[in-house]
Amino acid sequence: MTMPIALFQAAAPGSQPHVIPWLIFTLVKLIAVFTVYMVGVALLTLAERKISAWIQDRHGPNRVKIFGLGPGGLGQPFADGVKNFVKEETYPAAANLPLFVLAPALAFIPALVTWAVIPFAAPWDSPWGRIEMVLAPLPVGFLFILAISSLGVYGIVLAGWSSNNKYALLGGLRSSAQMISYEIAMGMSTIPVLLLAGNVTLSKIVDQQAFGTWNVLNLTVAFFIFMVAAFAETNRLPFDLPEAESELIAGYHSEYSAMKFSLFFIAEYANMVTASALMATLFFGGWDIPFWLWDNVAPHTGLKTLATLAFFAAKVLFFVFVYMWIRWTLPRFRYDQLMSLGWKFLLPLALGYIVAIATTIVTLDALGFARGSVPFHLGLILLNVAAVVILFVLLDRGRVISPAYSRLDAREVEKLREMSTPRRATAFLPESGD
Amino acid sequence: MSIGVKVVERPIEQTSYVRATLTGMAHTLKHLFTPEQVTTQYPEQKESISKRWRGTHRMLTTEDGKAKCVGCGLCPTVCPANCIKLVPGEDEKGNRYPLVFEIDEFRCIFCGYCQEVCPEEAIHVGRHYENSEYSREGFVYDLERLMAQTHPVCEMWDPADPKGE
């Protein structure tokens, strides 16, 4: 009987906890994160509808209350949930059933799994040892995220294919093309972050930002690329071509009903939350409280954990709001615009930016400025200001996103016109000689 | 691009995607915080309707609870939709009253002629629009039903006071 008690005994602050407390805390974290995440996602559907309503001068859902209490509309997600559970499941006769059933789960799981490696608060030195506020403190956290988030496309592609519906297939194809294109830009845009942190562990990236400056100040261009790519990855407007209602009915989930459709819906919002958490972690200091080192140094009390958790939640919710804000502002891209933005603009930009940042870091190192020191960050910020000016003022001449014609040089347009003139002239000549 | 398409040279302000995006986002944000909500929350909140609104009918009653109608037959005569069915009767004192008075609200075109023509100011079109039924038969209003209606009635247009002031 002494063994288990020994395992429960207090450990020195900052040391690793014993196996059993570690197991218990991991389970508690798992349940807490999963619950908060799922309830949060449900509430986000309400938030989306409310925000869209306010932006469009409407009221939004304001009827369903929880047991007659609370502001109207708060019960809407639960009403929707009940509705989706009791609705009829339809299976198209020509669908490939195993894949048709599997696809929603495949879309949903990667969104959840990604969350496992995101640190959501400062570690807590409990009486049983240090508890990391991340479900799985993977040393290769960031690579894990890149690997898992690419899996999300399988759910969508399989859904599109197995439905045996032309619109669903088109949606699935668009989605695969889009996600593969933007994944490259997304991965490339984060390399400057890794260069600065010198590590792929997310908690180390957060620490580096906490003791230096947030990456958004150093690497605004990378943040911009990452944000655009994240929008494309999550199939949100202005990149919602896979489900373009007006062209493809609902794209890959045209044939889905009831809870299977709902799973795609939840997956979209879960992806949004995860992408927002990544933006916060990689570029906005994660759980770091700005202008204050109190949260980053020992002793790591429970209060610090709670405060940093609140800050992290605020950052994530802000990005989720930006997602919704942009969705209800921008119209959908045309397919060629989407592709040219991804391949011809974001990818070269990301590659060039890696070179620029790497050169700057090497130069600053060679000049003898220590990493994280003020001159080091000043150098980066100066480069950053120059890059932002070049990108958004000088390059922004209708070329970043453009209607098809302006990609041609004016002289080329003239040449094409001249080429076409004789043919046009003969084509419209009245038939003579008869 | 297809050859021969007219290419319009536009100033940067019109072709810049970044600027257009930021303008748009400022615009939506403004609406987000100061929404000009015009939606009427219908069952609780109702739009006011015109004094001359012509809705479903109502038969006015005398003080002793009988229909004002004397069965003169003017309203079925004037009705362009032929939706009023009237069978007049007479009691032992010689007072005329309707034995049957039915209005088929589905056939009615709500012109309001019946109200205008009525010498006793008995039949009226009402200021009322919430009148759904579960069956077509429910829309044939008999005398009892017409007398039981309580909604306000239409004020007819007065040529001397065209704006209704």
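Everything numeric in this text was worked out from a predicted model, so none of it was measured.

Draft legend 1. View of the overall build of chain A. Each helix and strand counted, chain A has 15 helices and 2 strands in total. Taking all 434 residues of chain A together, the buried fraction comes to 39%.

Draft legend 2. Seen up close, the overall build of chain B. On a plain count of helices and strands, chain B comes out with 5 helices and 5 strands. The secondary structure elements of chain B, listed N-terminal to C-terminal, are α-α-β-α-β-β-α-β-β-α. Out of the 165 residues in chain B, the part that is buried amounts to 22%.

Draft legend 3. Region of interest: the packing of helix H4 (residues 97-114) of chain A against helix H5 (residues 141-162) of chain A. Residue and element names in this part refer to chain A. Two elements in contact, H4 and H5, have axes separated by 8 Å at closest approach and are oriented at 160°. Accordingly, the angle class assigned to the pair H4 and H5 is roughly antiparallel. Judged by the sense of rotation from one axis to the other, the crossing of H4 with H5 is left-handed. Along its contact with H4, which presents Leu99, Phe100, Leu102, Ala103, Pro104, Leu106, Ala107, Pro110, Ala111, Val113 and Thr114, the element H5 presents Ile145, Ile148, Ser149, Leu151, Gly152, Tyr154, Gly155, Ile156, Leu158, Ala159 and Ser162. When the residues that make up the contact of H4 with H5 are grouped by side-chain class, the tally is 17 nonpolar, 5 polar and no charged.

Draft legend 4. Looking closely at the environment of Trp22 of chain A. All names here are of chain A. For Trp22, the position within the fold is in helix H2 (residues 19-55). Trp22 gets classed as partly exposed once you count the C-beta atoms within 10 Å, which come to 17. Along the sequence, Trp22 and Ala53 sit 31 residues apart, while their C-alpha atoms lie 45 Å from each other.

Draft legend 5. Examining the confidence of the model for chain B more closely. Residue and element names in this part refer to chain B. On average, residues of chain B carry a pLDDT of 84, and 90% of them reach 70 or more. Within chain B, the lowest mean pLDDT, 68, falls on helix H1 (residues 12-15), and the highest, 91, falls on helix H3 (residues 74-78). This prediction of the complex comes with two scores: 0.78 for pTM and 0.71 for ipTM.

Draft legend 6. Main features of the nonpolar core. With 102 residues, the main nonpolar core has Ala107, Ile225, Phe226, Ala229, Ala270 and Met279 of chain A as its most contacted residues. No other element matches the 16 residues that helix H11 (residues 258-283) of chain A contributes to this core. By size, the runner-up hydrophobic cluster in this structure holds 18 residues, among which are Leu86, Cys108, Cys114 and Cys118 of chain B.

Draft legend 7. Broad picture of unusual backbone geometry. Residues and elements named next belong to chain A. Unusually for a residue other than glycine, Asp57 sits at a positive phi of about 60°. One can find Asp57 in the loop between H2 and helix H3 (76-86). For Asn235, which is not glycine, the phi torsion reads 60° and is therefore positive. Along the chain, Asn235 turns up in the loop between helix H9 (220-233) and helix H10 (245-248). According to the C-beta neighbour criterion, Asn235 is buried, with 27 such atoms within 10 Å.

Draft legend 8. Region of interest: the packing of H9 of chain A against H11 of chain A. Residues and elements named next belong to chain A. At a minimum axis distance of 10 Å, the contact between H9 and H11 shows a crossing angle of 165°. Judged by the inter-axis angle, H9 sits roughly antiparallel to H11. Classified by chirality, the crossing of H11 by H9 is right-handed. Only Ala275, Met279, Leu282 and Phe283 of H11 make contact with H9, whose side of the interface consists of Phe223, Phe226, Met227, Ala230 and Glu233. Taken together, the residues of the contact of H9 with H11 sort by class into 8 nonpolar, no polar and 1 charged.

Draft legend 9. Broad picture of the sheet that holds strand S2 (residues 84-90) of chain B. Residues and elements named next belong to chain B. Pairing in this open sheet of 3 strands is antiparallel, and the strands run S2-S3-S5 from one edge to the other. The sheet terminates laterally at S2 and strand S5 (140-141), the two strands that pair on one side only. The pairing of strand S3 (residues 96-104) with S5 spans 2 bridges and is classified as antiparallel. Bridging from a neighbouring strand, Asp104 pairs with Val140 of S5.

Draft legend 10. Inspection of H11 of chain A at higher detail. With 26 residues, H11 of chain A extends 37 Å between its outermost C-alpha atoms, agreeing within 8% with the 38 Å of an ideal straight helix rising 1.5 Å per residue. Of all 26 residues in H11 of chain A, 23 are buried, a share of seventy percent or more.

Draft legend 11. The pairing of S2 of chain B, seen in detail. Residues and elements named next belong to chain B. Here 7 bridges tie S2 to S3, and the two strands are oriented antiparallel to one another. Paired with Pro88 across the bridge in S3 is Pro98. Here S2 folds back onto S3, and the loop between the two strands holds 5 residues, one of which, Gly94, carries a positive phi near 90°.

Draft legend 12. Structural context of the environment of Phe311 of chain A. Residue and element names in this part refer to chain A. Its location among the elements puts Phe311 in helix H12 (residues 302-327). Residue Phe311 is classed as buried on the basis of its C-beta count, with 21 C-beta atoms lying within 10 Å. Each C-alpha atom of the pair Phe311 and Trp287 lies 5.9 Å from the other, and the pair is 24 residues apart in sequence. Those residues in contact with Phe311 that lie beyond four places of it in its chain are Trp287 and Ile289.

Draft legend 13. Main features of H2 of chain A. Its 37 residues place the ends of H2 of chain A 51 Å apart at the C-alpha level, agreeing with the 54 Å of an ideal helix rising 1.5 Å per residue. Three or more residues of H2 of chain A are buried, namely Val41, Leu44, Glu48, Ile51, Ala53 and Ile55 of chain A. Its buried side turned inward, H2 of chain A meets H11 and H12 of chain A together with helix H2 (17-33) of chain B. Downstream of H2 of chain A by one or two residues, Asp57 of chain A has phi in the positive range, about 60°.

Procedures and definitions
Residues numbered from 1 in each chain as written. Chains lettered and ligands numbered in written order. Predicted model: local features only at pLDDT ≥ 70, side-chain atom pairs only at ≥ 80, totals over all residues. Helix = DSSP H or I, 4+ residues; strand = E, 2+ residues; numbered from the N terminus. Buried ≥ 20, exposed ≤ 12 C-beta atoms within 10 Å, placed from the backbone. Axes fitted to C-alpha atoms, helices over the stretch in contact; angles between N-to-C directions. Parallel < 35°, antiparallel > 145°, perpendicular 65-115°, else oblique. Left-handed = near helix turned anticlockwise from the far one by under 90°. Contact = placed C-beta atoms within 7 Å. Nonpolar A, V, L, I, M, F, W, Y, C, P; charged D, E, K, R; others polar. pLDDT = per-residue confidence, 0-100. Core = buried A, V, L, I, M, F, W, Y, C linked by C-beta atoms within 7 Å. Pairing = 2+ DSSP bridges. Expected span 1.5 Å × (residues − 1).

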